[in-house]
Amino acid sequence: MNPLLSIARNAGHLLGARATTQAVRLVYVAALARGLGPELYGLLAYTQSWYLLFLPLVALGTRETLARDFGRDPELGANTAARVLGLRLILLPFAAVACVTLGLVNEPNFQIRLLLVLMALALIGRALAMWTENVFVACAQARFALHQAALFRPLEALLGCAVLMAGGGVLGVAAVHALSWGSQAAVGFWSVHRRLSPVRVIIDRNLPGLIRRGMAALLTILALVWFTRGPLILLRQIGLDDRQLGQIALALQLLELLAVAPAVLGQVALPAVSRAAANGKAFLNIVLPWWIAASLLTALGGFAFGGILLHWVFGDAYPVTGEMLGPLLLVSAPLGTASLLSQVSLGIGRTWRVAGAAVVATLVWIVVGLTALPWLGPWTICAALWPAACLWAGLLLAGAIRDDLVRPAAILRVPRWTVTSDHTPS
C-alpha cells in the first residue's frame, strides 16, 4: 500500500479516536465547569495537571521508539513493545508514589490530598492504557484505539455526570476518572492479546538503551505538557485563588483540545517517515499549511466570538476565560507546528535537534513567565507562551527547511499534491 495512503487511513482512525475523545471531553468539561463552579473545577483541573506531569516520566519517550521499530520490522517492534511494557511496570509504582508525595508538600487542603491519591490511581491506569494505544498505532491498527475511545470516554462522561448529579462532588468525579482509565487499560490489554499478538513483558539489559533512544521524545512531550499544564501548577504555587485558577484552567483546556491534533498526525506518520524521509516531506508539505491556516482561523474566532459563546455556555461564572481565550488559542498555531515538526524530525533521526529545541523553548517559557509574573499576574501565561512557542516552532522549522523536508513557499499556501509513486510526491 502507498505509504501516504497508509498514513491517511491510520490517521483517520486515530483522529477519529481523538475527535471522539475531544468532543465528549468538551461537553464533559462544560458540564463539570457548570456543576462544580470555578473553585472546585480549578482544584480538579490542578490535580489532573499535576498527575499528567508524571505521565511522560513513565513513558520516557518510548511511543516514538515503538513506532519507529514497528515501521522498520514487525518482529523488532514486538520485542520493543514487550520491553516498553516491562519498563513501564517498573517505573509506575515510583511515579505514583512521587505524584502523591510531592503533591502533598505544603498542601494543607484535605480535599486536594484525596484528589491527589485518586489521580495517582488514574496515572497507573492511563499509563497502561496508553501502552495499548501506542501498540495499536505502531501496528497501523488505530481502529482499535478508536473503538476504545468511543466506548470509554462517553462512559466516563455519563458516569461522571451521574455522580455529580447524585451529590458525589469533585471526589466522585475524580474516582470515575481513575476507574475509567483502569478499565480501558484492562480491555486494551485483552484486545492487544487477542487481535495482535500475545502480551509479553521483557526486562533485560537493553532497557537502558531504550531509555536513551526515547530521551529526545521525552523532552518534547514534557515541554508540550508543561506548555499546556504547567501554568496551572505555577499559578497554584504562587497562591492564585481557586476561583481564578478554575477560569484559567478552562481556557488552557480549550487550548489543549486544539493543540493536540498535529501531535496525533505526527504520531501516526512516524512508522512511514521512519522508512523514508521522502514520506515525511510529502506529509509535512500537505499537512503544515492546512494546520497553520485552521489554527489561526480558530484563534480569530476565539477573539471575535469566544466571550459570547462562553457566556452562553457557562453564564457569568467564567469572565476571565472569555478574555483569555483568543490570546491563548493564538498560541495553538506555533505550539501545534512545533509538536508536528518534532514527530517528523524524530522519525528521520534528528533527535538532538528535537531535544534542544524543546529544552530551549521550555527555558524561555519559564524565564519569561517568572519575570513577568509580578506585573502581569494570570496574563503572564499568554506573555510567556507566545514567544516560547514561536521560538520552538521556528527552530524546528529552520531545521526542517535545511533538511529539505519543508518548502518555504508551501507554508504560505495550500499545495495540491498527487502521489505518483510510493515515496515521491509530485
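### Looking at the overall build of the protein
Each helix and strand counted, the protein has 16 helices and 0 strands in total. Looking at the protein as a whole, 57% of its 426 residues qualify as buried. In the protein, of all internal contacts separated by at least 6 residues, the share reaching a separation of at least 24 is 85%. Carbon together with sulfur atoms contributes 69% to the accessible area of the protein, which is approximately 17,300 Å² in total.

### Describing helix α9 (residues 215-237)
Taking 1.5 Å of rise per residue, 23 residues should cover 33 Å, yet α9 covers just 28 Å from first to last C-alpha, more than 12% shy of that figure. For α9, the tally of buried residues reaches 18 of 23 residues, placing the bulk of the element in the interior.

### Side note on the nonpolar core
Y41, F227, I248, L328 and W392 are the most contacted members of the largest nonpolar core, which totals 122 residues. When neighbours within four sequence positions are excluded, I248 is seen to be in contact with L232, L235, L240, V320, T321, M324, P378 and I381.

### Describing the environment of A127
Looking at where A127 falls in the secondary structure, it is placed in helix α5 (residues 110-138). Overall, A127 belongs to the buried group, its relative accessible area being 1%. Along the chain, A127 and V58 lie 69 residues apart, while their C-alpha atoms are 7.1 Å from each other. In contact with A127, not counting residues within four places along its chain, are L55, V58, R88 and L92.

### Observations concerning the packing of helix α3 (residues 62-72) against helix α4 (residues 74-104)
Between α3 and α4, the least distance of the axes is 7 Å, while the angle of their chain directions is 160°. As far as their axial angle goes, α4 and α3 are roughly antiparallel. As for the relative orientation of α3 and α4, their crossing is left-handed in sense. On α4, the residues that touch T62, T65, L66, D69 and F70 of α3 are P74, L76, G77, A78, T80, A81, V84, L87 and R88. Classifying every residue of the contact of α3 with α4 gives 8 nonpolar, 4 polar and 2 charged.

### Topic: the packing of aromatic side chains
For the structure on display, the rule yields 5 aromatic pairs. Considering the side-chain rings of F227 and W392, the 5.3 Å spacing of their centres and the 45° angle between planes classify their relative orientation as tilted. With F227 in helix α9 and W392 in helix α15 (residues 380-402), the pair connects residues that are 165 residues apart, well separated along the chain. For the pair F227 and W392, one class covers both residues: buried. The ring of W181 carries the charged tip of R153 above its face, separated from the ring centre by 4.1 Å.

### Let's talk about the packing of α5 against helix α6 (residues 142-165)
Viewed as axis vectors pointing N to C, α5 and α6 meet at an angle of 145°, and their least axial separation amounts to 7 Å. Together, T132, E133, F136 and V137 of α5 and A142, F144, A145 and Q148 of α6 make up the contact between the two elements. Taken together, the residues of the contact of α5 with α6 sort by class into 5 nonpolar, 2 polar and 1 charged.

### Concerning the confidence of the model for the protein
As a note on interpretation, predicted positions should not be read in detail where pLDDT is low. Residues of the protein with pLDDT of at least 70 account for 85%, and the chain-wide mean is 80. When pLDDT is averaged over each element of the protein, helix α7 (residues 169-195) comes out on top at 94 and helix α16 (residues 408-411) at the bottom at 64. Taken as a whole, residues 414-426 scores under 50 in pLDDT and shows 25 contacts with residues more than four places along the chain or in a different chain.

### Observations concerning the pattern of salt bridges
Overall, the coordinates contain 5 salt bridges when judged by the stated rule. The salt bridge involving R213 is made with D69; its shortest N-O contact spans 2.7 Å. Of this pair, R213 sits in helix α8 (residues 207-213) while D69 sits in helix α3, and the two are 144 residues apart along the sequence. With its nearest N and O atoms 2.6 Å apart, the salt bridge here joins R353 to D403. Taken together, the positions of R353 in helix α14 (residues 351-376) and D403 in the loop between α15 and α16 put the pair 50 residues apart, joining distant regions of the chain. With a relative accessible area of 18%, R353 lands in the buried category. The class for D403 is partly exposed, based on a relative accessible area of 24%. Here the residues in one salt-bridge network are R350, R353 and D403, joined through shared partners.

### Some words on a nonpolar patch on the surface
Taken together, the side chains of L89, I90, F94, V201 and I203 make up a nonpolar region of the molecular surface, amounting to roughly 480 Å² of accessible area. Assignment of secondary structure puts I203 in the loop between α7 and α8.

### With respect to helix α13 (residues 332-347)
Taking 1.5 Å of rise per residue, 16 residues should cover 22 Å, and α13 covers 23 Å from first to last C-alpha, within 8% of that figure. By the criterion of burial, α13 is predominantly enclosed, with 16 of the 16 residues buried. Following α13 by one or two positions, G349 has its phi on the positive side, about 90°.

### Considerations on the side chain of Q148
With respect to the element layout, Q148 can be found in helix α6. Beyond its immediate stretch of four places on either side in the chain, Q148 contacts T132, F136, R153, Q184, V187 and G188.

Criteria and cut-off values
Residues numbered from 1 in each chain as written. Predicted model: local features only at pLDDT ≥ 70, side-chain atom pairs only at ≥ 80, totals over all residues. Heavy atoms only, no water. Helix = DSSP H or I, 4+ residues; strand = E, 2+ residues; numbered from the N terminus. Buried < 20%, exposed > 50% of the residue type's maximum accessible area, 1.4 Å probe, protein only. Contact = heavy atoms within 4.5 Å. Areas by Shrake-Rupley, 256 points an atom, 1.4 Å probe, with all protein chains shown as cover. Expected span 1.5 Å × (residues − 1). Core = buried A, V, L, I, M, F, W, Y, C linked by side-chain atoms within 4.5 Å. Axes fitted to C-alpha atoms, helices over the stretch in contact; angles between N-to-C directions. Parallel < 35°, antiparallel > 145°, perpendicular 65-115°, else oblique. Left-handed = near helix turned anticlockwise from the far one by under 90°. Nonpolar A, V, L, I, M, F, W, Y, C, P; charged D, E, K, R; others polar. Phe/Tyr/Trp six-rings, centres within 6.5 Å; stacked < 30°, edge-to-face > 60°. Lys NZ or Arg CZ within 6 Å of the ring centre and 35° of its normal. pLDDT = per-residue confidence, 0-100. Salt bridge = Lys/Arg side-chain N within 4 Å of Asp/Glu carboxyl O. Patch = residues over 30% accessible without salt bridge, like charges linked within 9 Å, V, L, I, M, F, W, Y side chains within 5 Å.

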